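# Observations on chain architecture
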Amino acid sequence: MVALFTMAKTLALRLHLLSHLDDQILPSLKACAGKHLCYPCLQTSTACFPTCSNLSSRRICTTERDPLFLVAGSIRPYQELLTSGSGLSLLHHLTSNEDHTFMKQLSSCTSSQQVLRLLRSYPFLSGEAAASILHRLADLENDATCVLQKPQILLSDLALNKLCQRLEHDSAKLEDEVLVRALLGCTRLYLDPESRLVLRLVSECQKRLDLEQLSVEAICGLSRALFALEGPDGGMVKQAMNQLQNKEPTQWNMAELVAVYSMLATGLGKDGRYLELLNEMNAQALRQAQRMDPVAISKILGALVTLRQNQALPLVIALCKQAVHHVQNFADAELTVVLSALMHYGHSDHFLVEALERHVPKVAFTAHAETVTKVMQYFQRRRILSPPVFNTVAESFVYRAEEYSTWQVSQQIAALGVLGYLPPDAGRLFRKVESVLHARFSQFQPRALLDLLYACALLQRYPLNFVSKVFSPYFMQQLQGEEGSGLDPIVLAQLTQLYMTVKLECPFYNGPRLSPKFRVKSFLASGQFLETLVEPQFYNAVKSGLVDLLGARSYFASRVLTPYCYTLDIEIKLDEEGYVLPACHSDEVHKRIALCIDGSKRFAANAEKLLGKEAIKQRHLRILGYEVVQISYYEFEKLKNKEEVVEYLHKKIFPNSYRLSW
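Under an unreviewed UniProt entry, the name given to the chain is FAST kinase domain-containing protein 3, mitochondrial, and the source organism is Anabarilius grahami. Note on the chain: under the UniProt heading Subcellular location (unreviewed entry), the record states "Mitochondrion".

## As for the overall build of the chain
Summing up its helical and strand segments, the chain has 29 helices and nine strands in all. Evaluated residue by residue, the chain yields a buried proportion of 52% over its 662 residues. For the chain, contacts bridging at least 24 residues in sequence account for 71% of all contacts bridging at least 6. As displayed, the chain offers around 31,200 Å² of accessible surface, 52% of which is attributable to carbon and sulfur atoms.

## Focus: the environment of V629
Note that V629 resides in strand β9 (residues 627–632). Accessibility expressed as a relative area gives 5% for V629, which makes it buried. Here the alpha-carbon distance between V629 and A594, two residues 35 residues apart in the chain, equals 6.1 Å. Setting aside chain neighbours within four positions, we find V629 in contact with I593, A594, L595, C596, K652 and I653.

## What to know about the packing of helix α4 (residues 112–120) against helix α7 (residues 158–169)
Packed helix pairs are characterised by how far apart their axes lie and by the angle those axes make with each other. The geometry of α4 relative to α7 is characterised by a closest axis approach of 9 Å and an angle of 65° between their N-to-C directions. Considering only the axes of α4 and α7, their crossing is left-handed. Together, L116, L119 and R120 of α4 and A159, L160 and L163 of α7 make up the contact between the two elements. Class assignment for the residues of the contact of α4 with α7 results in five nonpolar, no polar and one charged.

## Considerations on the nonpolar core
In this structure, Y261 and L264 are the most contacted members of the largest nonpolar core, which totals 176 residues. Looking at this core, you find at least three residues from each of domain 1 (101–247) and domain 2 (536–654). Discounting residues that sit within four places of it in the chain, Y261 has contacts with L278, M281, N282, A285, I300, A303, L304 and L315. By size, the runner-up hydrophobic cluster in this structure holds 27 residues, among which are I572, I597, V645 and V646.

## Overview of the side chain of S632
Among the structural elements, S632 can be located in strand β9. Look at S632 and you get buried, because its relative accessible area is 2%. For S632, the residues in contact, after removing those within four places along its chain, are F538, D598, F603 and Y648.

## Describing the packing of aromatic side chains
Evaluated as defined, the whole model comprises 15 aromatic pairs. For the ring pair F523 and Y566, a centre distance of 5.0 Å and an interplane angle of 65° mean the geometry is edge-to-face. With F523 in the loop between α25 (489–505) and α26 (536–550) and Y566 in the loop between β5 (557–561) and β6 (567–574), this pair connects stretches of sequence that are 43 residues apart. For the residue pair F523 and Y566, the accessibility class agrees, reading buried in each case. Feature note: the residues Y378, F379, F390 and Y421 constitute an aromatic cluster, connected by ring pairs. Taking the ring centre of F441 as reference, the NZ or CZ of K469 above it sits at 4.6 Å. Above the ring of Y539, the side-chain terminus of R559 is found at 4.7 Å from the ring centroid.

## Overview of the pattern of salt bridges
Scanning the entire structure with this criterion turns up 20 salt bridges. A salt bridge links R602 to D598; the shortest N-O distance between them is 2.9 Å. As far as burial versus exposure is concerned, R602 and D598 are alike and both buried. Between E635 and K652 there is a salt bridge, with its nearest N and O atoms 3.4 Å apart. With E635 in helix α28 (residues 633–636) and K652 in helix α29 (residues 642–653), this pair connects stretches of sequence that are 17 residues apart. E635 gets classed as partly exposed once you look at its relative accessible area, which sits at 28%. A single network of salt bridges, built from pairs that share partners, joins E168, R196 and R200.

## A closer look at a positive patch on the surface
Judged by side-chain charge, K503, R513, R519 and K521 come together as a positively charged surface patch. Residue placement: K521 occurs in the loop between α25 and α26.

## Some thoughts on the packing of helix α18 (residues 369–381) against helix α19 (residues 387–400)
Here α18 crosses α19 at 145°, and the two axes come no closer than 12 Å. Crossing of α18 over α19 shows left-handed handedness. Contact residues: A369, V372, V375, M376 and F379 in α18; V389, F390, V393 and R400 in α19. Grouping the amino acids of the contact of α18 with α19 by side-chain chemistry returns eight nonpolar, no polar and one charged.

## Things to note about the confidence of the model for the chain
Detailed conclusions should not be drawn from predicted coordinates in areas where pLDDT is low. The predicted model of the chain has a mean per-residue pLDDT of 84, with 82% of residues at 70 or higher. Here residues 1–89 is a poorly scored stretch, pLDDT under 50, and it has 146 contacts once near neighbours within four places are set aside; other chains count.

## Brief notes about α26
For the α-helix, the turn length of 3.6 residues means that residues three or four positions removed from each other point alike. Look at α26: 21 Å from first C-alpha to last across 15 residues, which is about the 21 Å you get at 1.5 Å a residue. Among all positions in α26, only F538, Y539, V542, G545, L546, L549 and L550 are buried. Along the long axis of α26, the arc covered by the buried residues comes to 130°, so they all point the same way. Seen from the buried face of α26, the exposed residues on the opposite side, beyond 90 degrees, are P536 and Q537. G551, located one to two residues past α26, shows a positive phi value of around 100°.

Cut-offs used in this document
- Starting from 1, residues in each chain are numbered consecutively following that chain's sequence as written.
- This being a predicted model, a pLDDT of at least 70 is required before a residue's local features are given, and a value of 80 or more before pairs of side-chain atoms are given or counted; all residues contribute to the totals for chains, interfaces and linings.
- Heavy atoms throughout the structure, all of them, feed into the side-chain values; hydrogens and water do not.
- UniProt positions are given in the numbering used here, feature names are shortened, and annotations may be inferred rather than shown by experiment.
- Secondary structure is summarised from DSSP: a helix means a run of H or I of at least four residues, a strand means a run of E of at least two, and numbering begins at the N terminus for each.
- Type-normalised accessible area, obtained with a 1.4 Å probe on protein chains alone, sets the label of each residue: buried when under 20%, exposed when over 50%, and partly exposed for intermediate values.
- Throughout, a residue-residue contact means that at least one pair of heavy atoms, one from each residue, lies within 4.5 Å.
- Using a 1.4 Å probe, the Shrake-Rupley method yields the accessible areas, and only the shown protein chains count as cover for residues.
- Fitting a line to C-alpha atoms yields each axis, with helices limited to the stretch in contact; the angle taken between N-to-C directions then spans 0 to 180 degrees.
- Crossings are sorted by hand: turned counterclockwise from the far helix by less than a right angle, the near helix makes the crossing left-handed, and turned clockwise it makes it right-handed.
- Asp, Glu, Lys and Arg are counted as charged, while Ala, Val, Leu, Ile, Met, Phe, Trp, Tyr, Cys and Pro are counted as nonpolar; the rest, among them Gly, fall into the polar class.
- We call a set of buried Ala, Val, Leu, Ile, Met, Phe, Trp, Tyr and Cys residues a nonpolar core when their side-chain atoms join them within 4.5 Å.
- These domain limits were set by an automatic method or by a database of domain assignments.
- Side-chain rings of Phe, Tyr and Trp, where Trp is taken by its six-membered ring, are said to pair if the distance between their centres is within 6.5 Å; with planes under 30 degrees apart they count as stacked, over 60 as edge-to-face, and otherwise as tilted.
- Charge-over-ring contacts are defined here by two conditions on Lys NZ or Arg CZ: a distance within 6 Å of the ring centre and an angle within 35 degrees of the ring normal.
- Here, a salt bridge means any side-chain nitrogen of Lys or Arg that lies within 4 Å of a carboxyl oxygen of Asp or Glu.
- A patch consists of residues exposed above 30% relative accessible area that lack any salt bridge, with like charges linked at up to 9 Å and nonpolar side chains (Val, Leu, Ile, Met, Phe, Trp, Tyr) linked at up to 5 Å.
- Charge convention: Lys and Arg are scored as positive, Asp and Glu as negative, and His as well as the terminal groups of each chain are ignored.
- For the purpose of locating charges, the reference atoms are NZ of Lys, CZ of Arg, CG of Asp and CD of Glu.
- pLDDT gives the predictor's per-residue confidence on a scale running from 0 to 100.
- In a helix, the anticipated span is given by 1.5 Å times the number of residues less one.
- Each C-beta atom gives one direction from the helix axis, and the arc is the one those directions make.

Written out as structure tokens, the structure is:
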């Protein structure tokens, strides 16, 4: 009798639940009668992770790409969550102080377990607080590849189960923004699109959408959620975007403008969609740039990069100018996005550099590792020599290296190598680098390791124990596997120059040799990563002066490829008595003079200091027996006429002889 009574009670509870469901999911629910159910998916426990779920025309990607987060636990009827005889909502309006306290506690949670414990300590929540819990869980659980790290923890939590029931039960009473945030939170947690909760929220959103009264920010949140559920071509997505396009961007406030940029950047604006809307938004953003706060600047710049708005350079410049005023106010993640965008667009600003030089030394020991690395990358990419920043980052590296990933270690040292800058306490820095290599050598990706060792060579630091491993057949196989189809010409050039450096500057080295098949013939032919092309206008001016000095064009050669992979801008040959030989002569050559016509691109953008790659070239040429004569742009620019040019060249090339008049 007890068993029959229990079965009857269970059947009654299930029938009660059926009465609360929309007609569109009744068939699937009835098909599950008599089986164990899982809330909110309401499927049998053996089918909680379907390979594909359909809701009308909506489909969600299979679990082979993304896991579907489904809240587990035995189903509980609403009566168990309500006070007996009460008609109150399960979600309550908290006072502003209570809501603020809860949100503060929620934002301080650093793990999903903490969030769930906080949830269990609050029997009553507002709708906004409930939606915020879903988003905080998504923030903590989603890793860099947008896959839940620990779905099993969430799957078994009863408190979260109840929260989902509360949201479903009160979906019609939620404010527009809260309703949309709840649905978006569900998609970020990969809830099954056929779950009761998602179906209820989508159905309620459809009703609100049909009324055409949603705010811009609500439409953006809804579009993001629908895009995750049904892709860019779904009916509701198109309906929402049509309503958004009917609104006037010139009337949007800053928050609305940022919301639309963020929504389009999540995927809806890719592949050239909504270009007309984007152009109007860019124009509006340009007008409002001077009033933007750090969050707006960061999000819009990040969206412009994602949406490939290469024509929006005026907006990028305006945002960069505004960013100067907020450098000290940017959160680490925001500053990282800003600097990444400026690198993408190839833009730098003198005032921004000064602001970074004031700010970075104050935070180098505490800022996020990725932010410190991005600062170094920015200075490297823009060829900006900044001793205040480089010195502080180098000092912090000694204390923080263990916090950095191997890629971050590589990039920070690479920036110093590119600029050819040795910080004051270089000894401690490179002892720390060597310590990191000893402790974590196997963790370095081949390309990151090569970049690190190459940077050390540029700075005349030679960790030979590790360089020898780079030339081994095993490392070359790893490098080929990482690069895929063939090695990048830049990689081969780096390997060749690294090998030359070891042979020329470390004659006692007896380790493995770089196989000839991995050596390049010309560094310049491998791109301008290791050598910089001479600037044509500067070259022509020097060439004209040399003709006047030497008497004929035949007495010097241009763009000469040496047997050592370097290309000489100009080569002059002298015999044993110091007379100039015609360039075509190959016999009786006693001395070779290599003229390095160093234009502005061979120096730091803000200092008269050669880049690392140019300094190592001149160093190697001297070791190989060339007399290197540097013709620098900042000296040449001061010359006023042809006579001064000829006199200057004579003093540079033949400092100990009188000049002949032709």
